[in-house]
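Structural description and commentary
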Amino acid sequence: MHVLLIKAKTWFRKLAIARVRMAHVPKSSLLRLGLALLIALLLLGWPHPLPASLAQTSTAVADPSTEAPLRVATRVLPPFVMQQGKDLSGFSIDLWRSLADEMGVKSTFEVYPNVTKLLEAVGANKADLGIAAISINAEREQKFDFSQPIFSGGLQIMVLDPRLGGATANPLKSIFTSTLPKLLGWALLMVAIVTHIVWLVERQHAEAMISKHYFPGIFEAAWWAALGLLGQAEQMPKGPLARAIALFWMVASVGFIAYFTAVFTTVLTVQQLQGDIQGISDLAGRTVATTTGSTASEFLRQNRINVVEFQTIDSVYGALLNRQAEAVVFDSGVLSYYATHDGRNQVQIVGDIFKPEDYGIVVPIGSPLGKQIDVALLKLKENGTYQALYDQFFTPTD
Ligand code: GLU
């Protein structure tokens, strides 16, 4: 619906421009008659969609400036930029189209293979501006001008779904880092206490099941207590006090075994669902895939994590799926889109954004376009167009 609204607005603006321009055309000119006819047609509503040849004519009337269309550098990165054949779509593409309409400029897109090449093109004035999923950072801000943020996100980690038996699953590590060792420690302490009490009270009995002497009596008591905890004690103490303790110990062992089994099962289940990459600290010594020249790649290098770079994001995903890489580090918006679309049930995003980043539109330093883009962007934010576009691409559907 909002797309129709935007289109209608554009037509009306073009009409207004055409009217102003008509004031300068000689009164008697035939051209003016032609223009009037065209405006009348536009007001009555041109059949939709416009045939390509007529669309050309109407644009020429609305914006007959001889200025060349703006060259917009971009790069494919769903859902910001998507390419089907020669057609481009996506959040950044649609946003630019709305901005260009708002600014009353024509433009053509040029697709670059990676963000470094895109930025080089803008820097070398081969492009007038760049829009894709370009993160604003200090280093880039020194060489380029950026618009106001067009999207807020940040770096996140994605792994293969551990249920697919990814290379990340390591049950032993999960067990050792869980509460199980602590639980075993408590059990050992209890065994030691019960061992000593039983030895002390049982040794006095004439037919005691254990020796009177500390050695080997204490070992015999420990063996009995350990087996008792597992519900396997063969003998029973002979003294009445020791028997009371034995009874308590048997009941406690039932509780202990039940609790231990529950914790053990939970640890293994959680491990199967999560894998053992939970955050950035788990990436040390692993191979991580990302795109060439990205801020993610820079982050990984700075943190001495092995990185494999690919030009296209599809190759990055491919490396994860065929286990060439154990994780992907990239922009949250891009990863979430993949995890809920093509990568559904195959990949998993782990942890929160660990490095926030904003995207901007990049222009050469000092370009007057920067200001114009900001004004248009703020207008789109104020009139709801930006939000409608955002919702179209980023509001979860399920
Ligand atoms: N946000 C990333 C960057 O600006 C995108 C990288 C890419 O386009 O591959 O570095």
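I will try to describe carefully the structure that is included in this document.

Thresholds, definitions, all that
Each chain carries its own residue numbering, running from 1 in the direction its sequence is written. Since the coordinates come from a predicted model, pLDDT governs what is reported: local features require at least 70, and pairs of side-chain atoms require 80 or more to be given and counted, while whole-chain, interface and lining totals use all residues. Excluding hydrogens and water, the side-chain values take into account all heavy atoms of the structure. In this scheme, strands are said to pair when DSSP sees at least two bridges between them. Numbering of helices and strands runs from the N terminus, with a helix taken as a DSSP run of H or I at least four residues long and a strand as a DSSP run of E at least two residues long. Here an angle of 0 to 180 degrees is reported between the N-to-C directions of two axes, which are lines fitted to C-alpha atoms, with helices fitted over the stretch in contact. Residue contacts are counted whenever heavy atoms from the two residues lie within 4.5 Å of one another. Only residues above 30% relative accessible area that lack a salt bridge enter a patch, with like-charged residues linked at up to 9 Å and the nonpolar side chains Val, Leu, Ile, Met, Phe, Trp and Tyr linked at up to 5 Å. All accessible-area figures derive from a Shrake-Rupley calculation using a 1.4 Å probe, and residue coverage is judged against the displayed protein chains alone. In what follows, salt bridge is the name for a side-chain nitrogen of Lys or Arg lying within 4 Å of a carboxyl oxygen of Asp or Glu. Oblique is the label for any angle not under 35 degrees, not over 145, and not in the 65 to 115 range, which are roughly parallel, roughly antiparallel and roughly perpendicular in turn. For any pair of crossing helices, the crossing counts as left-handed if the nearer helix is rotated counterclockwise from the farther one by less than a right angle, and right-handed if it is rotated clockwise. All residues other than Ala, Val, Leu, Ile, Met, Phe, Trp, Tyr, Cys, Pro, Asp, Glu, Lys and Arg, Gly among them, are scored as polar; the first ten of these are nonpolar and the last four charged.

A sheet is described by the order of its strands in space; here five strands give the open sequence β9-β8-β10-β7-β11, paired in mixed fashion. For this open sheet the edge positions go to β9 (306–310) and β11 (347–359), each flanked by a neighbour on one side alone. In this sheet, adjacent strand axes meet at a mean angle of 25° when their direction is disregarded. Relative to strand β10 (residues 327–331), strand β8 (residues 287–291) runs parallel, the two being bridged by two bridges. The residue bridging Val288 from the neighbouring strand is Ala327, located in β10. Against the sheet, helix α11 (residues 295–302) contacts β7 (151–160), β8, β9, β10 and β11, and its axis sits at roughly 150° relative to β8.

Let us look at a nonpolar patch on the surface. A contiguous nonpolar patch, built from Trp186, Leu189, Met190, Ile193, Ile197 and Phe248 and spanning about 590 Å² of accessible area, is present on the exposed surface. Residue contributions to the nonpolar patch peak at five residues, all from helix α8 (residues 180–202). Within the secondary structure, Trp186 sits in helix α8.

This next bit is on the packing of α8 against helix α9 (residues 214–229). At a closest axis distance of 8 Å, the pairing of α8 and α9 adopts a crossing angle of 130°. The angle between the axes of α8 and α9 places the two elements in the oblique class. The two elements α8 and α9 cross, and the hand of that crossing is right-handed. On α9, the residues touching Ala187, Val191, Val194, Thr195, His196, Val198 and Trp199 of α8 are Tyr214, Gly217, Ile218, Ala221, Ala222, Trp224, Ala225, Ala226 and Leu229. Grouping the amino acids of the contact of α8 with α9 by side-chain chemistry returns 13 nonpolar, three polar and no charged.

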